[in-house]
Amino acid sequence: MSTFTVEVVKILDVLSHPNADRLSIAQIKGWQCVIAKDSYKAGDLVVYIPIDSVLPEEVENRLFANSKVKLNNHRVRTIKLRGAISQGMVAGFDQLGIKPCDEGTDLASKLGIVKYEQTVQLTTRGGRPRSKKATNPNFVKYTEIENYKNYPNGFTFGEEVVVTEKIHGTNYRAGWVIAVADTWWKKVKLYFGKLPKYEFVFGSHNVQLQNGKPNVVSTVPYENVYARAVAAFNLKEILKPGEVIYGELYGYGIQNHYSYGCKPGEFGLVIFDLMIDGKYQDTAVLEKFCKERGFKMPPILYRGQFNLEVIKALTVGNSVMAPTQKIREGVVIKPEKDTVTYFGRKVLKLISDEYLLQKEDFTTEFH
């Protein structure tokens, strides 16, 4: 998921709308917003309200009092206005009733704007969440993948990159990490030298799960998909001490309209990143690892020098992994060598406009 901000930004350019004399198109970072003609010019500081923002009633009334465009359930979405894509909203300080702020200021809390979230309804029966105190800090949460349009200078033309299909499921992680004496029983075992060096852990992006008995994962169908995946893909036996995989569980019932050809009860797993002894691995290492261990990766759609137009074209069309899936969610862009930059790990996603234009219940996270 992306970091959510309602930021003060500078308009990079204002273009003519191809189909409407009274409208223009403002370019904000890598996004574009349809605006009233002559309302803003390049260089103006404005508040950018991104897609999947949920507005409080007061803010919504200020912005839409005299507008023909109305929000559904107070949520800002990707729309088309006279044939042009508009992603998010541009608002002036006076419109919002606030004093001017410096570029880069995050106004989400001040304005009461929150991120739209629709929780994936997957049971956790059979793998209860650990208490916060008993969560192993060595089981690192996965990178927050930012949207390329928020960081349009994140990659430079000609940089060597790998582009994979973004699969729409639920985030998953599992592996063997160094054990921590986080319960009284583990402390007793540590005292007597009986605490194993590594413990197996698994879960979603935010939740670390555990089982009632050590080294046991039930395969009963009603158990949660996170726990079932451990047994289905033999993860405890295949993964070695210090190895943690990060991937996406996909299948029937995991995301609305995105089953990737799976029938009721079926699900799959793709691995998109690998950590060994606390360090993320380069793409070549991940490919070798998946090939040797029998794991599936998301399809690699492009490998070569960064070219935005080429990569944009890769967001369009059916899923490559499952061609019966009619709309591709988007792509993920990574450098060949794992890199950390000013916005964190150098991994960005570019979401398909067609995906974002779907009905409300098709999309479930902030992009």
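Refer to the structure presented above.
Now for a description of the structure that goes with this document. (Residues numbered from 1 in each chain as written. Predicted model: local features only at pLDDT ≥ 70, side-chain atom pairs only at ≥ 80, totals over all residues. Heavy atoms only, no water.)

Considering the sheet that holds strand β23 (residues 348-351)
Reading across from one edge, β11-β23-β20-β12-β19 is the order of the five strands in this open sheet, with mixed pairing throughout. Since the sheet does not close on itself, it has two edges, and those belong to β11 (146-147) and β19 (300-305), each with one partner. The sheet contact formed by strand β12 (residues 160-165) and β19 spans five bridges and is antiparallel. Opposite V163, over in β19, you have Y302 as the bridge partner. Across the sheet, helix α7 (residues 283-293) is in contact with β12, β19 and β20 (330-335); its angle to β19 comes to roughly 150 degrees. (Pairing = 2+ DSSP bridges. Helix = DSSP H or I, 4+ residues; strand = E, 2+ residues; numbered from the N terminus. Contact = heavy atoms within 4.5 Å. Axes fitted to C-alpha atoms, helices over the stretch in contact; angles between N-to-C directions.)

Overview of the nonpolar core
Core analysis: the largest hydrophobic core is formed by 25 residues, its most contacted members being Y172, F200, F202, L235, L239, I245 and L249. Of the residues forming this core, the biggest block, five residues, is contributed by helix α5 (residues 225-232). Residue contacts for F200: discarding those within four places in its chain leaves A174, G175, W176, V230, L235, K236 and L239. Among the nonpolar cores identified, the runner-up in size contains 24 residues, and I11, A26, I28 and I327 belong to it. (Core = buried A, V, L, I, M, F, W, Y, C linked by side-chain atoms within 4.5 Å. Buried < 20%, exposed > 50% of the residue type's maximum accessible area, 1.4 Å probe, protein only.)

Side note on the pattern of salt bridges
Enumeration over the complete set of coordinates arrives at 14 salt bridges. With a shortest N-O distance of 2.8 Å, E159 and K346 are connected by a salt bridge. Here E159, found in the loop between β11 and β12, pairs with K346, found in the loop between β22 (344-345) and β23; they are 187 residues apart in sequence, far enough to count as distant. K346 carries the same exposure label as E159, and that label is buried. Note that D338 and R345 form a salt bridge whose closest N and O atoms lie 2.5 Å from each other. One network of salt bridges, in which partners are shared, links D273, K334, D338 and R345. (Salt bridge = Lys/Arg side-chain N within 4 Å of Asp/Glu carboxyl O.)

Considering unusual backbone geometry
The residue N73 is not glycine, and still its phi comes out positive at about 60 degrees. Since its relative accessible area comes to 52%, N73 is described here as exposed. Phi at R82 takes a positive value of approximately 55 degrees, unusual for a residue other than glycine. On the secondary structure map, R82 appears in the loop between β7 (79-81) and β8 (84-86).

Quick notes on the pairing of strand β17 (residues 267-276)
Within a regular strand, the side chains alternate between the two sheet faces. Burial runs high along β17: nine of the 10 residues are buried. Pairing of strand β16 (residues 243-251) with β17, which is carried by nine bridges, proceeds in the antiparallel orientation. If you follow Y246 over to β17, its bridge partner there is D273.

Points about the packing of aromatic side chains
With the rule as written, the count across this model stands at 18 aromatic pairs. Between Y246 and Y280 the ring centres are 5.7 Å apart and the planes differ by 45 degrees, which places this aromatic pair in the tilted class. Placement of Y246 in strand β16 and of Y280 in strand β18 (residues 279-280) is noted, with a sequence separation of 34 residues between them. Since its relative accessible area comes to 11%, Y280 is described here as buried. These aromatic residues form a ring-pair network of at least three members: Y142, Y246, F272 and Y280. (Phe/Tyr/Trp six-rings, centres within 6.5 Å; stacked < 30°, edge-to-face > 60°.)

Considerations on the environment of F202
Checked against the element boundaries, F202 lands in strand β14 (residues 198-203). Remark: the alpha-carbon pair of F202 and A174, spanning 28 residues in sequence, is separated by 4.0 Å.

Details of the sheet that holds β18
Ordered in space as β15-β14-β13-β16-β17-β18, the six strands form an open sheet in which the pairing is antiparallel. Each edge of the sheet is formed by a strand with only one pairing partner; in this case those strands are β15 (208-209) and β18. Two elements, strand β13 (residues 170-178) and β16, share six bridges in a ladder whose sense is antiparallel. Note on β16: the bridge partner recorded for N171 is E248. Set on the sheet, α7 makes contact with β16 and β17; between it and β17 the angle comes to about 130 degrees.

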